[in-house]
Amino acid sequence: MGLQSMTGFGRSQGRADSGAASGAFVWELRSVNSKGLEIRFRFPTGFEMLETECRKLLGARLSRGNVQATLNFERETGGSIPVVNEAALNAVLGAIERIRARLGSPPPRAEAILQIKGILENGEDEISPKDIEARNLAVLAGLDAAATMLEQARSGEGKAVAAALLRQTDAIAGLVAGIEADPSRSADAIAVKLKNQLAQLMDSAASLDPQRLHQEAAILATKSDLREELDRLHAHVASARELIGGQGPAGRKLDFLSQEFNRECNTICSKSNATAVTAMGLEMKVIIDQFREQVQNIE
């Protein structure tokens, strides 16, 4: 499947042919970037019991992203009939009578009592468990279809991001090759530069020990060598290409790799003894920042 973006949209609609519970439904899934997988559901009344199954279904399909899942359902069998919750009504009336006895206030109107939450309920108890089960199975199948659409959207954007990451990886590889080929890194160039620096030191400080100066120059030459950093950058480039072209989630690994790219580039800039090498190092840092920004969109 390749890289997937964490942003996308999926939608499905259908109908549940389930007797008294029959109706039309619409699922909408929206996903944006997140460090982990966060799923929030919005269900109509009577569907809250589906959350565990819905969360399990999406969790098996996605590994990262902030997902908003919304279900709309419209019954096609006359709609739900409001039913009075007798237990709740009796409790409310008892409380009203106790308050009236203390305050001497007039009794409330019936319509005011009906507006109290819990007094009126949807008549879901009129629907058989078999019909509810059939309806729920249809709704879950609709969620699966919406998840497929979301995956396709995330995959399509992931391909575009992968293409951008490959271009940036190629640009990093080109700059690494440019630094390797820079004339300032040749043995002859390094020897000439050190010789000139030693000559200047010897002219300005005749009392300095020539042997000690040569030792310090050798240490300095070793510290300024970029071979290890360039070798690690070559390895990081190979790893990036493998992850970008591979299967499964790779966002966290690519994010870590971008940090490694940046670390080696910083070291090259600090060690550089040539303007051209420093310029290429700074250009590489810009590309690495762009690389890391793109990686934040990857699952």
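Provided above is the structure to which this section pertains.
Caption draft 1: Region of interest: the pattern of salt bridges. Counted under the stated rule, the structure contains 18 salt bridges. With its nearest N and O atoms 2.7 Å apart, the salt bridge here joins E51 to R55. One end of the pair, E51, and the other, R55, are both in helix α1 (residues 51–61), four residues apart, so they sit about a helical turn from each other. A relative accessible area of 32% means that E51 is categorised as partly exposed. Judged by its relative accessible area of 34%, R55 falls in the partly exposed class. With its nearest N and O atoms 2.6 Å apart, the salt bridge here joins R109 to E111. Among the charged side chains, a salt-bridge network with shared partners connects E228, E229, R232, E264 and K271.

Caption draft 2: Representation of the state of the cysteines. Counting across every chain of the model gives zero disulfides. Free of any disulfide, C269 has its nearest neighbouring cysteine sulfur in C265, separated by 4.5 Å.

Caption draft 3: Examining the side chain of S34 more closely. Relative to the helices and strands, S34 resides in the loop between β2 (23–32) and β3 (37–42). Classification of S34 by relative accessible area gives buried; the value is 11%. In this structure the side chain of S34 is engaged in a polar contact, spanning 3.2 Å, whose partner is the backbone oxygen of G36. If we skip the residues at most four places from it in the chain, S34 touches M6, R64, G65 and N66.

Caption draft 4: Quick look at helix α8 (residues 251–271). With 21 residues, α8 extends 31 Å from end C-alpha to end C-alpha; this agrees with the ideal 30 Å at 1.5 Å per step. Buried within α8 are the following residues: G251, L254, D255, L257, S258, E260, F261, E264, C265 and I268. Close packing links the buried residues of α8 with α4 (129–181), α7 (227–244) and α9 (275–295).

Caption draft 5: Spotlight on the sheet that holds β3. Strand order in the open sheet formed by four strands is β1-β2-β4-β3, with mixed pairing between adjacent strands. The sheet is open, and its two edges are formed by β1 (8–16) and β3, each paired on a single side. Pairs of neighbouring strands in the sheet enclose a mean axial angle of 15 degrees, with direction left out of account. Relative to strand β4 (residues 65–75), β3 runs parallel, the two sharing six bridges. Bridge pairing in β4 places R40 opposite Q68. Across the sheet, α1 lies against β2, β3 and β4, angled at about 145 degrees from β3, the strand it touches most. Packed onto the sheet, α4 meets β1, β2 and β4 and runs at close to 155 degrees relative to β1.

Caption draft 6: A look at the packing of aromatic side chains. Evaluation of the coordinates by the stated rule reveals four aromatic pairs. Note on F41 and F43: the rings are 5.3 Å apart at their centroids and 15 degrees apart in plane angle, and the pair reads as stacked. Both residues of the pair, F41 and F43, belong to the buried class. Positioned over the ring face of F73 is R135, at 6.0 Å from the centre of the ring.

Caption draft 7: Examining the packing of α7 against α8 more closely. For the pair α7 and α8, interaxial distance at closest approach is 10 Å and the crossing angle is 160 degrees. Between α7 and α8, the interaxial angle falls into the category roughly antiparallel. For the pair α7 and α8, the crossing hand works out as left-handed. Between α7, through E229, L230, R232, L233, H236, V237, S239, A240, L243 and I244, and α8, the contact on the second element is made entirely by K253, L254, L257, E260, F261, E264, T267, I268 and K271. Partitioned by chemical class, the residues of the contact of α7 with α8 number ten nonpolar, three polar and six charged.

Parameters at a glance
Residues numbered from 1 in each chain as written. Predicted model: local features only at pLDDT ≥ 70, side-chain atom pairs only at ≥ 80, totals over all residues. Heavy atoms only, no water. Salt bridge = Lys/Arg side-chain N within 4 Å of Asp/Glu carboxyl O. Helix = DSSP H or I, 4+ residues; strand = E, 2+ residues; numbered from the N terminus. Buried < 20%, exposed > 50% of the residue type's maximum accessible area, 1.4 Å probe, protein only. Disulfide = S-S within 2.5 Å. Polar contact = N/O pair within 3.5 Å; in protein donor to acceptor, adjacent residues only side chain to side chain. Contact = heavy atoms within 4.5 Å. Expected span 1.5 Å × (residues − 1). Pairing = 2+ DSSP bridges. Axes fitted to C-alpha atoms, helices over the stretch in contact; angles between N-to-C directions. Phe/Tyr/Trp six-rings, centres within 6.5 Å; stacked < 30°, edge-to-face > 60°. Lys NZ or Arg CZ within 6 Å of the ring centre and 35° of its normal. Parallel < 35°, antiparallel > 145°, perpendicular 65-115°, else oblique. Left-handed = near helix turned anticlockwise from the far one by under 90°. Nonpolar A, V, L, I, M, F, W, Y, C, P; charged D, E, K, R; others polar.

All quantities given are derived from atomic positions and should not be read as evidence of function.
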